[in-house]
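Analysis of the macromolecular model
Here's the letter readout for the chains.
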Amino acid sequence: MPSIKVMVNGIPGNVAQVVAGHVLNDKRFQLVAHSLTGPEITADEQAVAETTVGLIRPDARDEAIESIKASEGNFISVDFTHPSAVFANAEFYCRHGLPFVMGTTGGDYNRLEKLVVASTVSAVIAPNMAKQIVGFQAMMEYAATNFAGLFEGYTLQIRESHQQGKADTSGTAKAMVRYFNALGTPFSEDRIIKERDPKTQQEQWGIPQEYIGGHAWHTYTLDSLDKTVRFQFSHNVNGREIYAFGTLDAVAFLYQKLSADSRGKVYSMIDVLKKSD
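From a predicted model like this one, the values you see are computed outputs, not experimental measurements. (Residues numbered from 1 in each chain as written. Predicted model: local features only at pLDDT ≥ 70, side-chain atom pairs only at ≥ 80, totals over all residues. Heavy atoms only, no water.)

Focus: the overall build of the protein chain
Note the threshold: Each helix is a run of DSSP H or I of at least 4 residues and each strand a run of E of at least 2, with the numbering of both proceeding from the N terminus. For the radius of gyration, the atom set is restricted to C-alpha positions; the globular benchmark scales as 2.2 Å times the number of residues to the power 0.38. Working definition: with a 1.4 Å probe on protein chains only, accessible area under 20% of the residue-type maximum means buried, over 50% means exposed, and in between means partly exposed. Note on contacts: a residue pair qualifies if any of its non-hydrogen atoms lie within 4.5 Å across the two residues.
What the protein chain contains, in helices and strands, is nine helices and 13 strands. Here the C-alpha atoms of the protein chain give a radius of gyration of 20 Å, agreeing with the 19 Å that 2.2 N^0.38 yields for 277 residues. Here the C-alpha coordinates of the protein chain stretch approximately 65 × 40 × 30 Å along the principal axes. Residues classed as buried in the protein chain amount to 49% of the 277 residues present. A separation threshold of at least 6 residues defines the contact pool for the protein chain, and within that pool the share at least 24 residues apart is 65%.

See below:
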């Protein structure tokens, strides 16, 4: 398989830099040394390992991308950016014929899907790029579909903690609400306990100090009405490596689909796990 060219956008964001570092260290891929960045970024370039990546702000990206396409040929874009920029970025990729992997939470998925379906590109779009967590969600979806009302009469608490810079409530936690609703526990997204205070995270949650700036801890607690039975599910991630590994698998998956002339299709991380057609 030829080397897959990848343009990682969102640098100097933390996840984007981790992904770019793994692209450089994986023989399957070749990093495009440019990155679309936010309007607030003043630097013109960012070092990623021993590679210098040029940063392109929104007001210059339409012109710059045509030059990059001419010099690089075909490549897959990876998007980790602020939730407020999700749709504008997806629209940009579709308009310029750029297949993409989008791992940013936030945004209207149905609107994004319609945008891609009406375009000439295909994409992998998922609120969570960690394969193991996505697999856990798939198990919960199976339970919700096949064992409806299993936890009827139970109360539910959902707690999630992420680094202070994460603006939105966890997309994974929101998805889990739907599964638990189907399993018989009435619960709304606005009841999710969202923690972003570093002191509380360290002192009350016990999150290691070195990961306060990059973590994803989730706990789902179900209690019976008389409090004699408790079920608890947790997935605690320290650091960002797990998302990078999943992202690269998504890029390789999308490359195979593009090689089979996929156009106007949106794939999920479940598709990546199944390697479905």
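A word on the pairing of strand β4 (residues 45–48)
The condition that has to hold: Any two strands with at least two DSSP bridges between them are considered paired.
Across four bridges, the pairing between β4 and strand β5 (residues 51–56) is antiparallel. Across the sheet, residue Val48 finds its bridge partner in β5, namely Thr51. Between β4 and the antiparallel strand that follows it, β5, lie two residues; Ala49 among them carries a positive phi value of about 55 degrees.

Examining a nonpolar patch on the surface
Put simply, the rule is: Within the patch definition used here, like charges are joined within 9 Å and nonpolar side chains (Val, Leu, Ile, Met, Phe, Trp, Tyr) within 5 Å, considering only residues with over 30% relative accessible area and no salt bridge. Areas reported here follow the Shrake-Rupley algorithm with a probe of radius 1.4 Å; residue values treat only the protein chains shown as occluding. Salt-bridge detection follows one rule: a side-chain nitrogen of Lys or Arg within 4 Å of a carboxyl oxygen of Asp or Glu.
On the surface, a cluster of nonpolar side chains totalling about 340 Å² of accessible area is made up of Tyr142, Phe147 and Leu150. Residue placement: Phe147 occurs in the loop between α5 (131–146) and β9 (155–162).

Some remarks on the nonpolar core
Side chains of nonpolar character tend, in soluble globular proteins, to be buried together. Applied cut-off: We call a set of buried residues a nonpolar core when its members are Ala, Val, Leu, Ile, Met, Phe, Trp, Tyr or Cys and they connect through side-chain atoms within 4.5 Å of each other.
Counting 32 residues, the largest nonpolar core has Val8, Val101 and Val124 as its most contacted members. Among the elements of the structure, β1 (4–9), α1 (14–25), β2 (29–31), β5, β6 (76–79), α8 (241–259) and α9 (269–274) are those that each provide at least two residues to this core. Apart from residues lying up to four places away in sequence, Val124 is in contact with Phe100, Val101, Met102, Ala250, Phe253, Leu254, Tyr267, Ser268, Met269 and Val272. Counting 22 residues, the second largest nonpolar core, distinct from the first, contains Tyr93, Cys94, Leu112 and Val266.

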